[in-house]
Every structure is written in C-alpha cells, then in structure tokens.
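Listed below are the residues making up each chain.
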Amino acid sequence: MRLVFECVECGGHYLPPENMSYPDGPASPVWCSACQGAKRAEGLREDPLLARVALAAARAALARRAADQSEPVAAQGRGDVRPSRPPLSRRARSGPGGVRGKLG
Ligand SMILES: [Zn+2]
C-alpha cells in the first residue's frame, strides 16, 4: 500500500510512488511533486527533520487505515464502539442447565 502525504506547502494530499522516487529524482515526504519542483527551482531543500516526521505520520496513517479495513463489517455503522459480546463460551453452555438436564 502506498503512503499518503500532506504537502506542507499547499496542504494537498498526494501519493508519491511506492519507492519514493520520481523519474527525475527522489520524492519528498513534505512537498507534493508540484511544490517540490517549485522548491527545487528556488534552490530549497526539504527539512530533514520535517521529512522524517512526515514519513512517520504517513506510516502511522497507513497502519490506521489497514486496521480500519480489517475490522469486522458488523462493528461499523454503530455508535457503540465497545467490543461486541463474545459468543457463548463452552463453559457457559455446559453450565448448571446442562447438568440438570442429565440428572433429570
Ligand atoms: Zn504542494
């Protein structure tokens, strides 16, 4: 899955190639291709710290999206976010009721 970045210059979201490199050079985690091109033309480079933070944020967002997608469909669309009640355990099924049935 590709990482989605938010351009710090124009605020737009963009998806650089998975290998983080454009045909004409490395992709920036802080600027979209358009802004990166403009910055490069101005002779500016991305802040390495900002780039690291942006990369970490994009990875975290990706992990969040992956977690959202793996959630069961039944849990979606409900206001209640608590985990649903688990199915009856074996212990619950073989409780006093079952014993009484055997005795009777
Ligand atoms: Zn931009």
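As shown above, the structure is provided for reference.
In this numbering scheme, every chain counts its residues from 1 along its sequence in written order. The predicted origin of the model limits local features to residues at a pLDDT of at least 70 and limits the giving and counting of side-chain atom pairs to 80 or more, whereas totals for whole chains, interfaces and linings rest on all residues. Side-chain figures throughout are based on the complete set of non-hydrogen atoms in the structure, without hydrogens or water.

**Some words on the coordination of the zinc ion**
Each protein donor to the zinc ion is listed here as Cys7 (SG), Cys10 (SG), Cys32 (SG) and Cys35 (SG); together their distances run 2.3 Å. For the zinc ion, the four donor atoms are set out with angles of 103 to 117° between them, so the coordination reads as tetrahedral. Type-normalised accessible area, obtained with a 1.4 Å probe on protein chains alone, sets the label of each residue: buried when under 20%, exposed when over 50%, and partly exposed for intermediate values. With relative accessibility at 49%, the residue Cys10 sits in the partly exposed group. For Cys35, a relative accessible area of 12% gives the class buried. Each metal site is built from N, O and S donor atoms within 2.8 Å (3.2 Å for Na, K and Ca), and since water is not included, such sites may look incomplete. In this scheme the shape depends on donor count and angles: four donors with every angle between 85 and 135 degrees give tetrahedral, four or six donors with opposite pairs above 155 degrees and others between 65 and 115 give square planar or octahedral in turn, and any other case is irregular.

**Observations concerning the nonpolar core**
What we call a nonpolar core is a set of buried Ala, Val, Leu, Ile, Met, Phe, Trp, Tyr and Cys residues that are connected through their side-chain atoms within 4.5 Å. Counting 15 residues, the largest nonpolar core has Phe5, Cys7 and Tyr14 as its most contacted members. Sequence-distant contacts of Tyr14, defined by excluding residues within four places in its chain, comprise Leu3, Val4, Phe5, Glu6, Cys7, Tyr22, Ser28, Pro29, Val30, Trp31 and Cys32. Contacts are residue-level and defined by heavy atoms, with any inter-residue pair within 4.5 Å sufficient.

**Some points on the pattern of salt bridges**
Any carboxyl oxygen of Asp or Glu within 4 Å of a side-chain nitrogen of Lys or Arg constitutes a salt bridge here. Enumeration over the complete set of coordinates arrives at two salt bridges. For Lys39, the salt bridge is made with Glu9, and the minimal N-O distance between the two is 3.2 Å. Note that Lys39 is positioned in helix H1 (residues 33–42) and Glu9 in the loop between strand E1 (5–6) and strand E2 (13–14), a separation of 30 residues in sequence. By relative accessible area, which is 12% here, Lys39 ends up buried. Elements are defined by DSSP. Helices are runs of H or I of four residues or more, strands are runs of E of two residues or more, and each kind is numbered from the N terminus.

**Details of the environment of Ala60**
Within the secondary structure layout, Ala60 lies in helix H2 (residues 48–69). Separated by 57 residues in the primary sequence, Ala60 and Leu3 have C-alpha atoms spaced 9.4 Å apart.

**So, H2**
Each residue after the first adds 1.5 Å to the expected span of a helix. When the terminal C-alpha atoms of H2 are compared, their 32 Å separation across 22 residues agrees well with the 32 Å that a helix rising 1.5 Å per residue should span. Residues of H2 that are buried include every one of Ala51, Ala54, Ala58 and Leu62, and no others. Down the axis, H2 shows its buried residues gathered within 75° of arc, on one side only. Exposed positions of H2 whose direction lies more than 90 degrees from the buried face are Leu49, Arg52 and Arg64. This arc corresponds to the set of directions leading from the helix axis out to the C-beta atoms.

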